[in-house]
Amino acid sequence: MKYLTLHTGAKMPALGLGTWQAAKGEVAAAVTEALRIGYRHIDCAHVYGNEAEVGEALAATSVPREDLWITSKLWNNAQRPEDVRPALERSLGALGLEYLDLYLVHWPVQLSHAVMFPQSPDDLIPWTTEHALETWGALEDCVRAGLVRHLGTSNFSTKKLRPLLDNGSVKPAVSQVEMHPYQQQDRMREFCRDNGMAVTGFAPLGSRHRPAHQHQEGEPSLLDHPDILAMADRLGTTPASILLGWAVTRGTSVIPKSTNPERLRQNLAAADLELAASDMDVIAAMDMGYRFLDGSHWMMAGSPYTPENLWDGE
Ligand code: A2P
């Protein structure tokens, strides 16, 4: 297993298991199988609605806690400072853990307290740097209380990360963003390298398991791209392994979701694949800044969120 060394010296396994869209009845079995075959990094979130099931698998494993890397994420309706610690404690309770290795601010989007998903624009509160710093301050208190070891963000631009680095007392350790050959995140990678942060990529396989309403018309397929297919063929492996091997060869971490034992095994093995420079060049040419998860669900008519102010043109 490859690891990324964070600024604290802690080691995060480069390949983790994603749990978004892993159904309640399947996720405990998937996590159990993943841990059995050698996964040590599990990526969770309150909003996935399955942390208690992940917790069942964690409770039953013989893998020592210190060998595991467990991430969760603060949902958008709990960013007010007084809501942060209770939200973290809810995730810890569901997962059956005393601490998380990493807690991420899930989106740079704020929802009213009682709202999980916005039904009207009134449920969406505009994002400000001042608000982000207040949330961050409450997260820092959770680090000091020993409830979490590292903090980070998800779906943030480098522009939104900057004030956290400049003003916070606990430095963000990880930026989790959508990343694959169509969205290579070069700017974020450079920013994180310059600031001693790690990048984790979600949707590395193109997230085909998203709910149907989130699929865009005519969206490109990653697993069927002719260059990826040809590379997999030549190297005697699968397209998914090429995509995951690409991410790890670039020094990033990656969290493919699977609940299928054969694909779990295949994905873990891909972390040891080292792509040749010539293959990396072919994939570099595939970038088109495409997002499978474009955040449009925050952008109903009248919403304060737009593609411009959510992604900051990055
Ligand atoms: P399954 O859980 O049945 O394996 P992403 O991580 O980009 O969000 O993609 C996850 C989706 O890709 C899930 O639908 C998952 O299905 C599928 N998947 C996971 N691993 C592989 C693989 N090695 N080959 C093909 N599809 C995969």
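Residues numbered from 1 in each chain as written. Predicted model: local features only at pLDDT ≥ 70, side-chain atom pairs only at ≥ 80, totals over all residues. Heavy atoms only, no water.

**Student:** Provide a residue-level description of the overall build of the chain, including the pertinent values.
**Tutor:** Helices and strands together make up the secondary structure of the chain, namely 11 helices and 12 strands. Scaling as 2.2 N^0.38, a compact globule of 314 residues should have a C-alpha radius of gyration of about 20 Å, and the chain matches this with 19 Å. For the chain, the spread of C-alpha atoms along the principal axes amounts to about 55 × 45 × 40 Å. Sorting the 314 residues of the chain into buried and exposed places 55% on the buried side. The long-range share in the chain, meaning contacts at least 24 apart out of those at least 6 apart in sequence, stands at 74%. By element, 50% of the accessible surface of the chain is carried by carbon and sulfur atoms, the whole surface being about 13,000 Å². Here the chain carries 27 positive and 39 negative side-chain charges, and the mean point of each set is 4 Å from the other. (Helix = DSSP H or I, 4+ residues; strand = E, 2+ residues; numbered from the N terminus. Rg over C-alpha atoms; globule rule 2.2 N^0.38 Å. Buried < 20%, exposed > 50% of the residue type's maximum accessible area, 1.4 Å probe, protein only. Contact = heavy atoms within 4.5 Å. Areas by Shrake-Rupley, 256 points an atom, 1.4 Å probe, with all protein chains shown as cover. Lys, Arg positive; Asp, Glu negative; His and termini not counted. Charge placed at Lys NZ, Arg CZ, Asp CG, Glu CD.)

**Student:** Tell me about the UniProt feature "active site" (unreviewed entry) in the chain, and please be specific about residues and values.
**Tutor:** Sequence positions flagged by UniProt for "active site" (unreviewed entry) are, in local numbering, Tyr-48. Accessibility expressed as a relative area gives 18% for Tyr-48, which makes it buried. Setting aside residues up to four positions removed in sequence, Tyr-48 forms contacts with Thr-19, Trp-20, Asp-43, Lys-73 and His-106. (UniProt positions renumbered as here; feature names shortened; annotations may be inferred.)

**Student:** So what's going on with the packing of helix 7 (residues 226-235) against helix 8 (residues 239-249)? Which residues, and what values?
**Tutor:** Their axes nearest at 8 Å, the elements helix 7 and helix 8 cross at an angle of 95°. One element, helix 7, and the other, helix 8, form an angle in the roughly perpendicular class. Only Pro-239, Ile-242 and Leu-243 of helix 8 make contact with helix 7, whose side of the interface consists of Ile-228, Leu-229, Met-231, Ala-232 and Leu-235. Along the lines of polarity and charge, the residues of the contact of helix 7 with helix 8 split into 8 nonpolar, no polar and no charged. (Axes fitted to C-alpha atoms, helices over the stretch in contact; angles between N-to-C directions. Parallel < 35°, antiparallel > 145°, perpendicular 65-115°, else oblique. Nonpolar A, V, L, I, M, F, W, Y, C, P; charged D, E, K, R; others polar.)

**Student:** Tell me about the pairing of strand 5 (residues 69-74), and name the residues and values.
**Tutor:** Strand residues, when the strand is regular, have side chains that alternate between the two faces of the sheet. Most of strand 5 is tucked away: 6 of the 6 residues are buried. Relative to strand 5, strand 4 (residues 41-43) runs parallel, the two being bridged by 3 bridges. Bridge assignment links Asp-43 to a residue of strand 5, and that residue is Thr-71. In this view, the connection linking strand 4 to its parallel neighbour strand 5 by way of helix 2 (residues 51-60) has right-handed handedness. Taken together, the 4 bridges between strand 5 and strand 6 (residues 100-105) define a ladder with parallel strand orientation. Looking at the pairing, Ser-72 lines up with Tyr-103 of strand 6. (Pairing = 2+ DSSP bridges. Right-handed = clockwise from strand over helix to strand, strands pointing away.)

**Student:** An account of the pattern of salt bridges is requested, with residue identities and associated values reported.
**Tutor:** Tallied over the entire structure, the rule returns 15 salt bridges. A salt bridge links Glu-274 to Lys-2; the nearest nitrogen and oxygen atoms lie 3.2 Å apart. Of the two residues, Glu-274 sits in the loop between helix 9 (261-270) and helix 10 (277-284) while Lys-2 sits in the segment before strand 1 (3-5), which places them 272 residues apart along the sequence. Classification of Glu-274 by relative accessible area gives exposed; the value is 57%. In this structure, the salt-bridge partner of Arg-80 is Asp-83, at a minimum N-O distance of 3.1 Å. According to the relative accessible area criterion, Arg-80 is partly exposed, its value standing at 36%. (Salt bridge = Lys/Arg side-chain N within 4 Å of Asp/Glu carboxyl O.)

**Student:** Can you tell me about the nonpolar core, naming the residues and giving the values?
**Tutor:** Within soluble globular proteins, side chains that are nonpolar tend to cluster in buried spots. In this structure, Ile-70, Leu-100, Tyr-103 and Trp-298 are the most contacted members of the largest nonpolar core, which totals 97 residues. Sequence-distant contacts of Leu-100, defined by excluding residues within four places in its chain, comprise Arg-65, Ile-70, Ser-72, Leu-88, Leu-92, Leu-95, Leu-147, Val-148 and Arg-149. (Core = buried A, V, L, I, M, F, W, Y, C linked by side-chain atoms within 4.5 Å.)

**Student:** Run through the site of the ligand, naming residues and quoting values.
**Tutor:** The full set close to the ligand counts 15 residues, and Leu-205, His-209, Ser-258, Arg-263 and Asn-267 are the nearest of them. Separating an oxygen atom of the ligand from a backbone N or O atom of Leu-205 is a distance of 2.8 Å. Within the backbone of Ser-207, one N or O atom sits 2.9 Å away from an oxygen atom of the ligand. A total of 3 residues in the shell around the ligand trace back to one element, the largest contributor, which is helix 9. The residue inventory of the shell around the ligand, partitioned by class, reads 5 nonpolar, 8 polar and 2 charged. (Near = heavy atom within 4 Å. Polar contact = N/O pair within 3.5 Å; in protein donor to acceptor, adjacent residues only side chain to side chain.)

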